[in-house]
Amino acid sequence: MNDWNFSNRLLNNPEQSNYCIFAPDSKAEILYWFSRDDIPKQQKEAFIRVLVNFDDGCGGFYRYRAYFLAAEALHYFPECSLGDAIVEQLLNWSYLYFGWQLFPQLLVEAARKTLEVTDKKRVIKAFELLLRHTPSRLTLQSAATKLGELDAGNKMAIAALILLLDVTQDNCRRSTICRSIAKIGVGNQAAISTVINFMETTEDKNLCSKAIETLGKIGCGNQTAILALERFLQINRGDRICLDAAKALLLIDAGNEVAKDALVFILENSASETTDTFYLLGEVAALLLIIQPEIIATLENQLRIDRYTYLIRGFVYNWSDSYVVNMQSLDEIASSHCEYEPYASMVCVEALIDNKIAMKSLAVKSLLEKVFIREISFFQFEEKATENGQHFHYDDSFLLNSADRLKQILQQEHFPRIITALKEYLGEQSYKSSSYRYDGVYKLIWHCAENMSYQDFFKAWHG
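Read on for a plain summary of the structure. Residue numbers here run from 1 along each chain, matching the order of that chain's written sequence. Reporting in this predicted model follows two pLDDT cut-offs: at least 70 for local features of residues, and 80 or more for side-chain atom pairs to be given and counted; totals over whole chains, interfaces and linings ignore these cut-offs and use all residues. To get the side-chain values, take all heavy atoms of the structure and skip hydrogens and water.

## Focus on helix α9 (residues 155-167)
Which entries qualify depends on this criterion: Under the DSSP-based scheme used, a helix requires at least four consecutive residues in state H or I and a strand at least two consecutive residues in state E, with every element numbered from the N terminus. The span expected for a helix works out to 1.5 Å for each residue beyond the first. Working definition: with a 1.4 Å probe on protein chains only, accessible area under 20% of the residue-type maximum means buried, over 50% means exposed, and in between means partly exposed. Contact between two residues is taken to exist if any of their heavy atoms lie within 4.5 Å; hydrogens are not considered. As used in this structure description, the phrase polar contact means that two N or O atoms lie within 3.5 Å; if the pair is within protein, one of them must be able to donate a hydrogen and the other to accept it, and residues adjacent in sequence are counted only when both atoms belong to side chains.
The first and last C-alpha atoms of α9 sit 18 Å apart over 13 residues, in line with the 18 Å expected at 1.5 Å per residue. Residues of α9 that are buried: A157, I158, A160, L161, I162, L164 and L165. Lining the buried residues of α9 we find α7 (120-133), α8 (137-150), α10 (171-184) and α11 (189-201). The opening residue of α9 is N154, an N-cap whose side-chain oxygen sits 3.1 Å from the backbone nitrogen of M156.

## Observations concerning the nonpolar core
Note that soluble globular proteins tend to have their nonpolar side chains buried in a common cluster. Stated precisely, the cut-off is as follows: Nonpolar cores were defined as sets of buried Ala, Val, Leu, Ile, Met, Phe, Trp, Tyr and Cys residues, with membership established by side-chain atoms within 4.5 Å.
Membership of the largest hydrophobic core comes to 135 residues, with the highest contact counts inside it found for I48, F61, Y62 and F457. Among the elements that make up this core, the one with the highest residue count is helix α4 (residues 61-73) (ten residues). Not counting residues within four places of it along the chain, the set of residues in contact with F61 comprises D56, L426, Y442, I445, W446, A449, F457 and W461.

## With respect to the packing of aromatic side chains
Using the following cut-off: Aromatic rings from Phe, Tyr and Trp, taking only the six-membered ring of Trp, are treated as a pair when their centres fall within 6.5 Å; an angle between ring planes under 30 degrees marks them as stacked, one over 60 as edge-to-face, and anything in between as tilted.
Scanning the entire structure with this criterion turns up 23 aromatic pairs. A ring pair is formed by Y62 and F457, whose centres lie 5.1 Å apart and whose planes are at 65 degrees; its orientation type is edge-to-face. Of this pair, Y62 sits in helix α4 while F457 is found in helix α26 (residues 454-461), placing the two residues 395 residues apart along the sequence. F457 gets classed as buried once you look at its relative accessible area, which sits at 0%. Residues Y64 and W93 carry aromatic rings whose centres are separated by 5.2 Å and whose planes lie at 85 degrees to one another, so their mutual orientation is edge-to-face. One end of the pair, Y64, is in helix α4; the other, W93, is in helix α5 (residues 83-95), and 29 residues separate them in sequence. Taken together, the aromatic side chains of F22, F54, F61, Y62, Y431, Y438, Y442, W446, Y454, F457, F458 and W461 make up a single cluster linked through ring pairs.

## Re the environment of A182
Looking at the element boundaries, A182 is found in helix α10. The residues touching A182, leaving out its near neighbours within four places in the chain, are T214, K217 and I218.

## Focus: the side chain of T118
Residue placement: T118 occurs in the loop between α6 (105-115) and α7. Residue T118 is classed as buried on the basis of its relative accessible area of 2%. A distance of 2.5 Å separates a polar side-chain atom of T118 from the backbone oxygen of A71.

This is the structure we're talking about:
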């Protein structure tokens, strides 16, 4: 690629040019080109500038791909003059709003993944700047968690989460903040102390359980955490939450005697015959079997053998309903009444996916076509679809599920039809009518863009 020619490679006539930057095998070659010392800086700058200013003329789907490629190239070309602006744009897509809507979730996810592979020093600096200035607590939590994952032990990220835990009053949010601390606060003494205080003072048992779980993930070998959990078990002896505390304590101090004693106490003193108690005792017994099998042997005389067997089996096995649909039964469904029943086709689709049935028989192809037409129609009605002369009502989440089902069965010939039928639902009016429909449509067209050449996508968009 010494003779990379931007004017020939990146033409302004997409109807006649299949841009090589979107070819599946081009990315590695392009990134290698950016890593080479014998390529003049001016050429690299020019190529980055072309990528970040690329206008695909069809909804921005390929514009984003070009931009993400430029961002990833910064890892190999960190001295790029556009680096700060590129990273800032990735953060904007990841955590901010624009105009009349949130950024589509797929764009958000793609931008956040790109932050992991671009210039790390710039990303850390940009994240820390965002944490200092964002007025949104939701953005603060999300960005702090991401920063802590990218830069292990980042003190500013952990401090932001500690602050949020102190000032947030909503219990659901507190629970998610604890989950974030569990991801990035490993070994941090300030985080451990904050979570201990939260565990010891909150009156909400669910939140207390979440704090205990968090402590089990961040306090490994930490004496302050070990002593706090031992103290908790002694104070709350006999409470069902002691199981959570014992598990956390064993995680951070394997073989801890206080934790073992707490588990044995639960087994010896839980006399209720309710289903909840059975499952509680089953988990306790199974945990003891792992850490100290001989303890169970001493308790067998105190446990009825049938209950003991039930407890262990109930803990070890995961019961679930399953079914297998063979090709013959699927053909029968496809050729009979599925076109008249709103949910029958969906069941068939799930059966196709779950059982990985080859989509080759005429009956199956016919079914897929019927399903495709049906599922697309759901996105084209404002409030309800008509099914065999009757109204078929659905809620918004149904559309997201429909998009996921369609992604599983779409064939190459469906992609242009998806774009043509649904692109009009990506506007502001459609978003305000149903953001779920907008997100479902965006998800489907994004999938098409990932699996089509730019030239074919452009033609379908303008077709």
